[in-house]
Amino acid sequence: MNEIRERLQQVFRQVFDDPDAVLTDEMSAKDVDGWDSLQHINLIIAVEKHFAIRFATDEISGLKEPGQNIGSFVRLLERKLGMQSRTAGA
Amino acid sequence: MANEIHLDTLERYLESDARQRTGLFKSFLAALKQLRSQDPKAAAAAARRAVSPDLDYTSLLALKRFIHAGKAGPGQEEALRIAVLGGPTTLQLVELIRIFLAGRDLTFELYECEYGLFRQEILTPGSGLDCFRPNIVFLATGARDVGVFPPVAAGREEVERMAEEELSGWAGLWQVVRERWGATVIQNSFDIDPWGVLGHYSLRHPASRENYLALLNRRMAEQAPAHVVLHDLNSLVVAAGARDWFDPRFYLEAKMPCGPECLVAYAHSAAGLVLAIRGKSRKVLVLDLDNTLWGGVVGDDGAEGIQLGQGSGQGEAFLAFQAYCRQLHDRGILLAVCSKNDEEIARRPFRLRDDMILTLDHISCFIANWNNKADNLREIARRLELGVDSLVFVDDNPAERAVVRRFAPEVAVPDMPEDPAGYVAALARHRYFETVSWTREDASRAQYYAQNAERARMASAFADLDSFLGSLEMRARIEPVNPLNIERVTQLVNKSNQFNLTTRRRTRAEIEALSRDPDWHTLTISLADRLGDNGLISVIFLVQSHGSLEIDTWLMSCRVLQRTVEQLALNEIVAAARARGCHTVTGLYIPTERNGMVRDHYGRLGFQASGADDSAARWVLRVDESYQPRHTYIRTEKTHERDSRTIAAGLSAGL
């Protein structure tokens, strides 16, 4: 399994208090019970802390928008983490 | 077996410093979960002990699942109803406030409204807030809720005029809160961001945004009436640093007032004021000595060899910490010493070093021995006649901190950094000693305790209690609640636990209202003797109900137990009953975990038991000619009738 997705899954399990939650690329906010706007912000806060990254304003709400799912979120994380390591390497 | 393993995991986490806790958090949560399935109450208690401003946002929310916050049960005080009304959203803030209040075992209910609707909620009869009938209304507002900012060209006078207009709008809200619900207001100051367009020049320009907000804050502090408690939001911005505090992304996307991690500090600080209103702030700072008040070990290095001042950076840091403790003492926090030492040696630096900022006069209770510190802390609480949960313990040694956290969990034990340069900030950030008022009696509190020690010494020198009490030459001043004593009365009503018959907590606004109500009669007793002034030590609220005068509230400071103040008070109560044509006085005892000492208070004073149920026992006393005034050693100095009328007029004028 994709390492970032696995770490995301850990964060997800803690925020949603669901030790058995399994993330798939196709999952989106509407598929998950309790994924309301409050929990969404809590997820964003936890992900920022866990991965030590900072989302841009439009990225914060992006995950909840139509057409977005866990797969696109993982790619966003990869992009941000990749950018970070390039900056660190430069 | 499995059970023991997770209990040990819990204790190991709870006794550790924050630095170790981070690595243990996951296993702590797992152990909590396991415990919850067997004993949800124990899991909730452990989770409450883990609540700390050192935790991050996500971890605090994880703890919340184990905490059953809030509602009153039998034998508990009534739930405090707290409304949090936001300019920005309060969704996250309220959850965190809930966690911090539960962490101190407060019984409460919370109410919040949609963001930005605080004015409508307050002003509209029948609103959700109106139905909630709050005791406390927290206006969690900020600079975004200021109506109009002055244009850059506005002159000083116009700026002043605009500020007055702005504040009269806020004052109107506060007044409605007081008149409609008799509630206390907690009002945020305005947060000031430093991105102003005039740069450094904004300090000199009256119409700059920074200056205008600072002016509003200053005027608000000067003008806010006494039922408004100010929460200095802007000081939190300064403490966190504006770059960390202001996180516009979360405002734009979720209307959050600040960045998520700063929200933890915000909620912790606001909860601290609620606790202070309820009298749950800590009262005593207990200090270790070696490597806490000075560098080195006095038993090894001698009083001359310990490190203190002397121009070394580290020595100066210990002095700075002493100076901070001294300031806490001067504002009324009691200081005590708890040290593993021979007592004579432990006292040497205080006696022999003239560069010590703390002297033995500042220490209300000094314990140096080789017993375990958890036991010693309980002993200190006992000697000071205060609850163990009123203590804060500062020790540089992590092992001692762990022992106390495990065996005296009621005591607050902050982490201390290895470097003494960080001691002051490490202690201050916990906001243990928040207060919502300050009276001169606070400053003299340490003195009262010293005088009490002297009285105890004298008492042992007399053959019997009567001749001792006679020798004290006690004088009491008896007054109704008035503008001069209402601060102190509110303090006592909200914090006395032990000698308190009904433990009914009330806000200042509520006390003010009942003191004006003709059905009510209020009494306060201040006691002095030849050793000194004890200040205002007893509060009694009576309410007329049919032909009886009912004792709604009777509380007394434990400092003056066994001094015949109760007998004096009963004579006054009976006089008040007769003046109103009542035939009986009714007393109520509502048991709590803390007030066992007055279980038989009314019986001792000659009342007849008149029924009891789970929550209260009722007692009655006939006040006809058969009543013999109870014997007291206290002479009374009454306030002149005319004075009390003048004072009552002052009260109704709204203080």
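Just so you know, these numbers come straight off a predicted model, no measurement behind them.

Visitor: So what's going on with the overall build of chain A? Residues and values would help.
Guide: Secondary structure summary: chain A contains four helices and zero strands in total. N-terminal to C-terminal, the α/β element order of chain A is α-α-α-α. Relative to the 2.2 N^0.38 estimate, which gives 12 Å for 90 residues, the radius of gyration of chain A is 13 Å and therefore close to what a compact globule would have. Projected onto its principal axes, the C-alpha positions of chain A cover 40 × 25 × 20 Å. For chain A, the proportion of its 90 residues judged to be buried stands at 47%. Within chain A, the 15 negative side-chain charges are centred at a point lying 7 Å from the centre of the 11 positive side-chain charges.

Visitor: Summarise the nonpolar core; cite the residues concerned and give the values.
Guide: A:V47, B:L32, B:L63 and B:Y266 are the most contacted members of the largest nonpolar core, which has 91 residues in total. Tallying contributions element by element places helix α13 (residues 260-277) of chain B first for this core, with eleven residues. Built from parts of two domains, this core gets at least three residues from each of domain 1 (1-51) and domain 2 (69-277) of chain B. Here B:Y266 is in contact with B:L93, B:F138, B:A140, B:N188, B:H231, B:L233, B:L236, B:W245, B:P257 and B:C258, once residues within four sequence places are set aside. In terms of nonpolar packing, the next biggest core, distinct from the first, is built from 42 residues, B:L523, B:A569, B:L570 and B:L605 among them.

Visitor: Now, about the pattern of salt bridges: what can you tell me, with residues and values included?
Guide: Pairs can form between side chains of opposite charge whenever their charged atoms are close. All names here are of chain B. Counted under the stated rule, the structure contains 51 salt bridges over all chains. Taking the shortest distance from any N to any O, the salt bridge between E164 and R219 comes out at 3.8 Å. Of the two residues, E164 is situated in helix α8 (residues 156-181) and R219 in helix α9 (residues 209-223); the sequence distance between them amounts to 55 residues. E164 sits in the partly exposed class, given a relative accessible area of 36%. In this structure, R378 and E410 form a salt bridge, with 3.4 Å as the shortest nitrogen-oxygen distance. Of the two residues, R378 sits in helix α17 (residues 373-384) while E410 sits in the loop between α18 (398-407) and α19 (423-428), which places them 32 residues apart along the sequence. Connected via shared salt-bridge partners are R178, E487, R508, E512 and R516.

Visitor: Outline the interface of chain A and chain B, listing residues and values.
Guide: How big an interface is tends to be reported as the loss of accessible area on association of its parts. Across the boundary between the two partners, chain A contributes 19 residues, which contact 22 residues of chain B. Counting each side, the surface lost to burial between chain A and chain B is near 1700 Å², with a carbon and sulfur contribution of 57%. The tally of links from chain A across to chain B stands at five salt bridges. Connecting chain A to chain B are seven residue pairs in polar contact (both at pLDDT 80 or more). Only α1 (3-15), α2 (37-51) and α3 (57-62) of chain A provide two or more residues apiece to the side of chain A that touches chain B. At eight residues, α2(A) tops the list of elements feeding residues into the side of chain A that touches chain B.

Visitor: So, the domain arrangement of chain B: which residues are in play, and what are the values?
Guide: Residues and elements named next belong to chain B. Taken domain by domain, chain B holds domain 1 (1-51), domain 2 (69-277), domain 3 (284-428) and domain 4 (464-652). Tallying the contact residues gives ten residues for domain 1 and eight residues for domain 3. Note on domain 1 versus domain 3: buried area summed over both sides is about 710 Å², and carbon and sulfur give 32% of it. Between the two partners, domain 1 and domain 3, sit four salt bridges. A salt bridge links D8 to R406, with the nearest nitrogen and oxygen atoms 4.0 Å apart. Here domain 1 and domain 3 share seven residue pairs in polar contact (both at pLDDT 80 or more) between them. Listing elements by their share of the side of domain 1 that touches domain 3, those giving two or more residues are α1 (2-15) and α2 (18-38). Grouping the constituent residues of the side of domain 1 that touches domain 3 by class yields two nonpolar, one polar and seven charged.

Visitor: I'd love a proper account of empty space enclosed by the protein, names of residues and values included.
Guide: Residue and element names in this part refer to chain B. Taken as a whole and assessed by the stated rule, the structure comprises two cavities of 30 Å³ or more. Here the largest cavity defines a volume of roughly 50 Å³. If you trace the largest cavity, you find it lined by I82, V84, I97, L110, F138, I186, A270 and V274.

Visitor: I'd like to hear about the packing of aromatic side chains, residue by residue, with values.
Guide: All names here are of chain B. Enumeration according to the criterion identifies 20 aromatic pairs over all chains in this entry. Where F25 meets F28, the ring centres are 6.5 Å apart and the plane angle is 35 degrees; that geometry is what we call tilted. Residue F25 and its partner F28 are both found in helix α2; the two are separated by three residues, about one turn of the helix. Residue classification places F25 among the buried residues on the basis of a relative accessible area of 9%. Overall, F28 belongs to the buried group, its relative accessible area being 0%. An angle of 15 degrees between the planes, with centres 5.6 Å apart, marks the rings of F118 and W170 as stacked. Of this pair, F118 sits in helix α6 (residues 118-123) while W170 sits in helix α8, placing them 52 residues apart in sequence. Take F118 and W170: they sit in the same class, and that class is buried. The positively charged end of R144 is found above the aromatic ring belonging to Y251, 3.4 Å away from the centroid. The residue whose ring lies beneath R347 is F366, and the NZ or CZ to ring-centre distance is 4.4 Å.

Definitions and limits used
All residue numbers here refer to positions counted from 1 along the written sequence of the relevant chain. Chains carry letters from A onward and ligands carry numbers from 1 onward, assigned in written order. Per-residue local features are limited, in this predicted model, to residues with pLDDT of at least 70; the limit for side-chain atom pairs, both in listing and counting, is 80 or more; totals at the level of whole chains, interfaces and linings are taken over all residues. Think of the side-chain values as coming from all heavy atoms in the structure, minus any hydrogens and water. The numbering of helices and of strands both runs from the N terminus, where a helix is a DSSP run of H or I of at least 4 residues and a strand a run of E of at least 2. Radius of gyration here is computed from C-alpha atoms only, and the compact-globule reference equals 2.2 Å multiplied by the residue count raised to the power 0.38. The cut-offs for exposure are 20% and 50% of the maximum accessible area for each residue type, with area from a 1.4 Å probe on protein chains only; residues under the lower value are buried, those over the upper are exposed, and the others partly exposed. Note that His is not counted, nor are the chain ends; the positive residues are Lys and Arg, and the negative ones are Asp and Glu. Note on charges: their place is set at NZ of Lys, CZ of Arg, CG of Asp or CD of Glu. Among buried residues, those of type Ala, Val, Leu, Ile, Met, Phe, Trp, Tyr and Cys that are joined through side-chain atoms within 4.5 Å constitute a nonpolar core. For the domain bounds, the source is a domain assignment made automatically or taken from a database. In what follows, residue pairs with any heavy atoms lying within 4.5 Å of each other are defined as contacts. Whenever a carboxyl oxygen of Asp or Glu lies within 4 Å of a side-chain nitrogen of Lys or Arg, that contact is scored as a salt bridge. Buried area: the accessible surface (1.4 Å probe) lost by two parts on joining, summed over both. Counted as a polar contact is a pair of N or O atoms within 3.5 Å, where, for protein atoms, one must be capable of donating a hydrogen and the other of accepting one, and residues adjacent in sequence contribute only when both atoms are in side chains. Only Asp, Glu, Lys and Arg are considered charged in this grouping, and only Ala, Val, Leu, Ile, Met, Phe, Trp, Tyr, Cys and Pro are considered nonpolar; every other residue, Gly among them, is considered polar. Put simply, the grid is 1 Å and covers the protein atoms alone, a cavity is a trapped set of points that fit a 1.4 Å probe, a pocket is an open set with protein on both sides within 12 Å along at least five of seven lines, and lining residues have an atom within 4 Å of a point. Grid points are joined across faces, edges and corners, and a volume is the space filled by probe spheres set on the points. Note on aromatic pairs: the rings of Phe, Tyr and Trp (six-membered ring only in Trp) are paired at centre separations within 6.5 Å, and the planes decide the class, stacked below 30 degrees, edge-to-face beyond 60, tilted for the rest. Any Lys NZ or Arg CZ found within 6 Å of a ring centre and within 35 degrees of that ring's normal is scored as a charge over the ring.

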